[in-house]
Amino acid sequence: MRIPLLAGNWKMYKTVTEAVEFVRGLKEALAGIQGVEVAVCPPFTALYAVARELQGTGMALGAQNMYQAEEGAYTGEVSPVMLKEIGCRYVILGHSERRQYFGESDEMINAKVKLALKHGLTPIVCVGEHLKDREAGNTEKVVGEQVRRSLAGLSAAELAGLVVAYEPVWAIGTGRTASPEDAQQVNAFIRSLLAEMGGQEAARQVRIQYGGSVKPDNAAELLGQPDIDGALVGGASLKVESFAAIVRAALQ
Ligand SMILES: O=C[C@H](O)COP(=O)(O)O
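Residues numbered from 1 in each chain as written. Predicted model: local features only at pLDDT ≥ 70, side-chain atom pairs only at ≥ 80, totals over all residues. Heavy atoms only, no water.

**Student:** I keep staring at the site of the ligand and nothing clicks. Help me out?
**Tutor:** The local shell around the ligand consists of Asn 9, Lys 11, His 95, Glu 167, Ala 171, Ile 172, Gly 173, Gly 212, Ser 213, Leu 232, Gly 234 and Gly 235. For the ligand, an oxygen atom lies 2.8 Å from a polar atom in the backbone of Gly 235. Within the complex, the protein chains bury 97% of what would otherwise be the 300 Å² of accessible surface of the ligand. Among the residues forming the shell around the ligand, the class breakdown is 3 nonpolar, 7 polar and 2 charged. (Near = heavy atom within 4 Å. Polar contact = N/O pair within 3.5 Å; in protein donor to acceptor, adjacent residues only side chain to side chain. Areas by Shrake-Rupley, 256 points an atom, 1.4 Å probe, with all protein chains shown as cover. Nonpolar A, V, L, I, M, F, W, Y, C, P; charged D, E, K, R; others polar.)

**Student:** Just checking my understanding: could you explain the packing of helix 1 (residues 16-29) against helix 2 (residues 47-54) for this structure?
**Tutor:** The angle between the axes and the distance between the axes are what describe a pair of packed helices. The interhelical angle for the contact between helix 1 and helix 2, taken along N-to-C directions, is 20°, at an axis separation of 9 Å. It follows from the interaxial angle that helix 1 and helix 2 lie roughly parallel. Crossing of helix 1 against helix 2: the hand is right-handed. Along its contact with helix 1, which presents Val 16, Ala 19, Val 20, Val 23, Arg 24 and Lys 27, the element helix 2 presents Ala 49, Val 50, Glu 53 and Leu 54. Classifying every residue of the contact of helix 1 with helix 2 by side-chain character gives 7 nonpolar, no polar and 3 charged. (Axes fitted to C-alpha atoms, helices over the stretch in contact; angles between N-to-C directions. Helix = DSSP H or I, 4+ residues; strand = E, 2+ residues; numbered from the N terminus. Parallel < 35°, antiparallel > 145°, perpendicular 65-115°, else oblique. Left-handed = near helix turned anticlockwise from the far one by under 90°. Contact = heavy atoms within 4.5 Å.)

**Student:** Looking at this model, I keep getting lost on the confidence of the model for the chain. Mind explaining?
**Tutor:** Any residue range with low pLDDT should be treated as having predicted coordinates unsuitable for detailed reading. Averaged over the chain, the pLDDT score is 97; the fraction of residues at 70 or greater is 100%. The ipTM for the predicted assembly is 0.99, set against a pTM of 0.98. (pLDDT = per-residue confidence, 0-100.)

**Student:** Honestly, the UniProt feature "active site" (unreviewed entry) in the chain in this entry has me stumped. Any pointers?
**Tutor:** Within this structure's numbering, the places UniProt gives as "active site" (unreviewed entry) are His 95 and Glu 167. Taken along the chain, the residues just named run across 73 residues; in space they keep tight, none of their C-alpha pairs more than 8.4 Å apart. Look at His 95 and you get buried, because its relative accessible area is 4%. As for its placement among the helices and strands, Glu 167 is situated in the loop between strand 6 (163-166) and helix 9 (180-198). Those residues in contact with Glu 167, other than ones at most four positions away along the chain, are His 95, Cys 126, Val 127, Gly 128, Glu 129, Ile 172, Gly 211, Gly 212 and Leu 232. (UniProt positions renumbered as here; feature names shortened; annotations may be inferred. Buried < 20%, exposed > 50% of the residue type's maximum accessible area, 1.4 Å probe, protein only.)

As C-alpha cells, this is what we get:
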C-alpha cells in the first residue's frame, strides 16, 4: 500500500515570516488528517524556521535542490549533510527548472540522487517531456531516458524508497494539466521501467507523483489514478486553502 505524498514546492516564493505563517495555517487546516503524507519544500532560507514549526506535526520538510558534494569550496551551494541536520526528509532533484535554467544534466542528477540517499534523504526525482517531445510522440523515449540515466546504478531497495515526480514541462505553471488518462499512462510506463531496473517489488513500492498545474478542482481525478501516488504542487501550494484542498482530495 503506497501512502500518497502531497508535496508543496514553493520555488522562489515566501520569506521566513511568510513561510512560518503559512505552516501555522496549514497545521490548523489539516489537523488530525490521516492516510496521506504532506511535505513542504520552502526556499533554503526558510528551512530552519519551517523545520521548527513542523515539529510534532507528522508533516515533512523537503529542500528544492542540493549540491553533489558533502562540503567544499562551492560558493552558493548547499550540501545534503546540511539539509539532513536541519531536518529535511526529502530533497527535490532534477526539477525541470533546474534542468532548463541551471543546466542540470541527468548525470549530475544521478550523482545528487546517490549522495542524497547516502545521507538518508529521500530524493523526489523529477522527469518530464517538453511540448515538442509530446507532439512528436516522443514522451516515453524522453521520460524513459531521464529515468534510466538519473537513477542509474541504484539498488532495488534504493529504487523502492524513492519518489519520482512525472512533471510534463508544458503543464508546469501554465494552467494546462495533463489529462488523468495521459498522466496515468506515463506514470504506469515509469513504473514498468523501474520494474525492469529494480524488479517487481521495487516497482510496487516506489511512489510516483504527478506535477503540473495541479489544483483543487483537478486533484481528485488525477490522484484517483492507480499509478499516481500523490502530487508535486507548485502554484497551488502557496495558499493554505488550495494546498489543503489538494491534500483532502487525495483521500477521496
Ligand atoms: O514542482 C512543481 C511543479 O513545477 C508544478 O508547478 P505548478 O503546480 O505551478 O504547475
